[in-house]
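Here's the letter readout for the chains.
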Protein chains: 2
Amino acid sequence: MTLRSHPAETIAAAHARIAPFVHRTPVLTSRRIDGMVGARLWFKCENFQKVGAFKARGAFNAVLSLSDADARAGVVTHSSGNHAAALALAAATRGIPAYIVMPRTASETKKAAVAGYGAEITFCEPTLAAREAAAAEIQARTGARLVPPYDDDAVIAGQATAAVELIEEVPGLEIVTCPVGGGGLLAGTALATRWLEPGARVIAAEPAGADDAWRSFTSGVRVAQTSPDTIADGLLTSLGIRNFAVMMACVDDVLTVTDASIIEAMRLIWTSMKIIVEPSAAVPLAALLEHPEAFAGRRVGMILSGGNVDLDRLPWMAQ
Amino acid sequence: MTLRSHPAETIAAAHARIAPFVHRTPVLTSRRIDGMVGARLWFKCENFQKVGAFKARGAFNAVLSLSDADARAGVVTHSSGNHAAALALAAATRGIPAYIVMPRTASETKKAAVAGYGAEITFCEPTLAAREAAAAEIQARTGARLVPPYDDDAVIAGQATAAVELIEEVPGLEIVTCPVGGGGLLAGTALATRWLEPGARVIAAEPAGADDAWRSFTSGVRVAQTSPDTIADGLLTSLGIRNFAVMMACVDDVLTVTDASIIEAMRLIWTSMKIIVEPSAAVPLAALLEHPEAFAGRRVGMILSGGNVDLDRLPWMAQ
């Protein structure tokens, strides 16, 4: 039984597996934002999730899916932040080692979070090649299992559980939308929506400065992200292979947004809802602000992916 | 039946009166903060309240308590912000005029909120004398009823309902704590706690730079606040007469804190809980950080009073 052959069963199993260890996050609404955008929005608040991001779901599912024999030597990954913290927490919870490769450029907030969960951190240059090489070296040396940040069935099935809870809680959603970076959340969200609310449109939202998913979606060919330029620091990576395949099969549209819209959406969430979301999490609301016609009058479920921001480097502060 | 003679009945009536119009705000917890402070905390999130602050409770109770004849000419108040927005919303909800006197120095966020609810704003100098004079002039001219920001039984009974909900939801609280400025929230919280959880200690938290409540409490004589100096911009006013009387009768202690502790507590709430609170709302947690011995090992209910901050002027930004 695989995610490809049995998505519903695989996602349901993931949900049962991780439920004791992650938060069932609240779904919030804002009349003020609804009035501004001319649609009805339900926000799934993964900023309140363990480690401050949906990534806890995929990491716990991957770690808890391992056999005892496979788990013993620990897990390893490379990540710009939230997946790293999530895997560190999941490994600590199971009592196995976690080896984390992080780019030197990751925010201090995220480095501190990973270290706080007791993981062993290896810093590398901020390129995919450098990250993969460092992770492979650790894998070879320790026997640890690689848990990729997004291009992995267990991770995708875990991320899908956020949309499962959102759809369970809000009947009749007409659109489900989330940000896309590597595509773990997007693939999971799309599979969950096709399963539980098949009539709903799935819309991915992406920074224009890191628009490989949009270029892949419109061309039908997976293209890599090179030199991304956006404040949405969780969405810099290239779409994964599995993630691309699910996107082409199950996603209805990909909308891109400017950084200015992302900042506007982020401030709107902070001021109207009094909750903290990171720039990446504001990308779907930015898509509503930039492309209102795609959402007008609809019942929209939106995944707020995370809330880990460096309060000393907010995007509207003078640099 | 008055608040003085029948506090329980008066507060219960206020709660029934305002419940259809205000949010029953959530009570949140944070294992991380509990671990840091060595106590168990329950946060009553009035930052999620209508207008972003507990002030909606008192304002709605005051406006809804008026007879139709008294209400017709509208209501007037002077306020540095949250009470103004709350009264404007309550008046708009009842369909009567609201006249708001605000100091020119109020934050842009708060000015915009008041204007957004359709109130007529009169700006004045940032002194109590100037505010009272401007409000009296409007009262004489329009016949509007004065709704004071805190020194008023209907307002105090309304503010008390936050603690009512907190105590209903969390059995066995040993301490209930809130910030003190004019004392509307403190008096309401103290009366509600004496009624529903009489064994609990009521602790007021106050900025050292605006410590008139502490000086009044320790001397037994109500002293006015002159030239306050604190980032907790909701707590600059002097304790009211009714508020002082309730404090002397029902409050167990007043603890003062530095602005540095307030900023530390505010950042701790933002980063650990992913929610936005204003500096005034962080004052009770600052008291836990500065005076841990007063709370060690206890079950503590804490009212997070509001979440209206100017994102362009956060206290840790360079000025």
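Keep in mind that what you see is a predicted model, and the values were worked out from it rather than measured.

Would you take a moment to explain helix 3 (residues 55–65) of chain B for this structure?
Since the α-helix advances by 3.6 residues per turn, residues separated by three or four positions end up pointing in the same direction. Residues and elements named next belong to chain B. Most of helix 3 sits inside the fold, with nine of its eleven residues counted as buried. For helix 3, the set of buried residues is Lys55, Ala56, Arg57, Gly58, Ala59, Phe60, Asn61, Ala62 and Val63. In this structure, the buried residues of helix 3 make contact with helix 1 (7–18), strand 3 (75–78), helix 5 (82–94), helix 8 (153–169) and helix 9 (184–196).

Help me understand the relation of the copies chain B and chain A, please; the structure alone is not making it clear to me.
One chain copy maps onto the other through a rotation about an axis and a shift parallel to that axis. Under the fitted operation, chain B is carried onto chain A by 0.0 Å of movement along the axis and a turn of 180°, and the coordinates agree to an RMSD of 0.0 Å. In symmetry terms, the pair is related by a two-fold rotation axis. Relative to the rotation axis, the C-alpha of B:Ile275 is the closest in chain B, positioned 2.1 Å from it.

I'm lost on the nonpolar core in this one. Help?
Most often, soluble globular proteins keep nonpolar side chains buried together rather than apart. If you look at the biggest cluster of nonpolar residues, it comprises 222 residues, and the most contacted ones within it are A:Leu87 and B:Leu87. The contacts of B:Leu87, once residues within four sequence positions are left out, are B:Ala59, B:Val75, B:Thr77, B:Ala98, B:Ile100 and B:Val147.

Help me understand the domain arrangement of chain A in this model?
A common way to report how large an interface is uses the accessible area buried once the components associate. All names here are of chain A. Entries for chain A in the domain assignment read domain 1 (7–53 + 152–304) and domain 2 (56–146). With 22 residues of domain 1 in contact, the opposing surface of domain 2 contributes 16 residues. Breaking the side of domain 1 that touches domain 2 down by element, the ones donating at least two residues are helix 1 (7–18) and helix 8 (153–169). Among the elements that make up the side of domain 1 that touches domain 2, the one with the highest residue count is helix 8 (eight residues). The residue makeup of the side of domain 1 that touches domain 2, split by class, is twelve nonpolar, six polar and four charged.

I would appreciate a short explanation of the sheet that holds strand 1 (residues 27–28) of chain B in the present structure.
Strands belonging to one sheet form pairs held by backbone hydrogen bonds; the direction of such a pair is parallel or antiparallel. Residues and elements named next belong to chain B. Judged by pairing direction, the sheet is mixed, and its six strands sit side by side in the order 1-2-10-7-8-9 without closing on themselves. Both outer strands of the open sheet, strand 1 and strand 9 (253–257), are each paired with one neighbouring strand and no more. Pairing between strand 2 (residues 40–45) and strand 10 (residues 299–304): six bridges, direction parallel. Its bridge partner being in strand 10, Lys44 is matched across the sheet by Ile303.

What exactly am I supposed to notice about the interface of chain B and chain A here?
Each side of the interface is counted separately: chain B has 14 residues, and chain A has 14 residues. In the side of chain B that touches chain A, the residues fall into seven nonpolar, four polar and three charged.

Sorry if this is basic, but what is going on with the environment of A:Met102 here?
Residue and element names in this part refer to chain A. Structurally, the position occupied by Met102 is in strand 4 (residues 98–103). By C-beta crowding, Met102 is classed as buried, having 25 other C-beta atoms within 10 Å. Separated by 23 residues in the primary sequence, Met102 and Glu125 place their C-alpha atoms 8.3 Å from one another. In contact with Met102, other than residues within four places in its own chain, are Ser79, Ala84, Lys111, Val114, Ile121 and Phe123.

Could you clarify how one ought to interpret the pairing of strand 5 (residues 120–124) of chain B in this entry?
Each regular strand shows side chains that alternate between the opposite faces of the sheet. Where strand 4 (residues 98–103) of chain B meets strand 5 of chain B, five bridges bridge the pair, whose relative direction is parallel. Residue pairing across strands places B:Ile100 opposite B:Ile121, the latter belonging to strand 5 of chain B.

What should I look at first to understand the environment of B:Ser79 in this one?
All names here are of chain B. Relative to the helices and strands, Ser79 is located in the loop between strand 3 and helix 5. Looking at Ser79, the number of C-beta atoms within 10 Å reads 29, which means it is buried. Distance in space between the C-alpha atoms of Ser79 and Asp312 is 22 Å, their sequence separation being 233 residues. Look past the residues within four positions of Ser79 in its chain and what remains in contact with it is Ala84, Ile100, Met102 and Pro149.

Is there a simple way to explain unusual backbone geometry in this structure?
With glycine set apart, most residues show a phi of negative sign, and most peptide bonds adopt trans. Residues and elements named next belong to chain B. In this model, Val51 sits at a positive phi of 60°, which is unusual for a non-glycine residue. Within the secondary structure, Val51 sits in the loop between strand 2 and helix 3. Since 27 C-beta atoms lie within 10 Å of it, Val51 is described here as buried. Although it is not a glycine, Ser227 sits at a positive phi angle of roughly 40°. By secondary structure assignment, the location of Ser227 is in the loop between helix 10 (212–219) and helix 11 (241–250). Overall, the presence of 7 C-beta atoms within 10 Å leaves Ser227 in the exposed class.

Would you mind showing me how to read the packing of helix 1 of chain A against helix 3 (residues 55–65) of chain A here?
Two quantities define a packed helix pair, namely the angle between the axes and the distance from one axis to the other. Residues and elements named next belong to chain A. Running from amino to carboxyl end, helix 1 crosses helix 3 at an angle of 90°, the nearest separation of the two axes being 9 Å. Taken together, the axis directions place helix 1 and helix 3 in an arrangement best described as roughly perpendicular. Taken together, the residues of helix 3 that come into contact with helix 1 (itself represented by Ala14, Arg17 and Ile18) are Arg57, Phe60, Asn61 and Leu64. When grouped by side-chain class, the residues that make up the contact of helix 1 with helix 3 number four nonpolar, one polar and two charged.

Would you mind showing me how to read the sheet that holds strand 3 of chain B here?
All names here are of chain B. Pairing in this open sheet of four strands is parallel, and the strands run 5-4-3-6 from one edge to the other. A single partner strand is all that each edge strand has here, and the edge strands are strand 5 and strand 6 (145–146). Against the sheet, helix 5 contacts strand 3 and strand 4, and its axis sits at roughly 170° relative to strand 4.

Thresholds applied
- Residues numbered from 1 in each chain as written.
- Chains lettered and ligands numbered in written order.
- Predicted model: local features only at pLDDT ≥ 70, side-chain atom pairs only at ≥ 80, totals over all residues.
- Buried ≥ 20, exposed ≤ 12 C-beta atoms within 10 Å, placed from the backbone.
- Helix = DSSP H or I, 4+ residues; strand = E, 2+ residues; numbered from the N terminus.
- Contact = placed C-beta atoms within 7 Å.
- Least-squares fit on C-alpha atoms with pLDDT ≥ 70 in both.
- Core = buried A, V, L, I, M, F, W, Y, C linked by C-beta atoms within 7 Å.
- Domains from an automatic or database assignment.
- Nonpolar A, V, L, I, M, F, W, Y, C, P; charged D, E, K, R; others polar.
- Pairing = 2+ DSSP bridges.
- Axes fitted to C-alpha atoms, helices over the stretch in contact; angles between N-to-C directions.
- Parallel < 35°, antiparallel > 145°, perpendicular 65-115°, else oblique.

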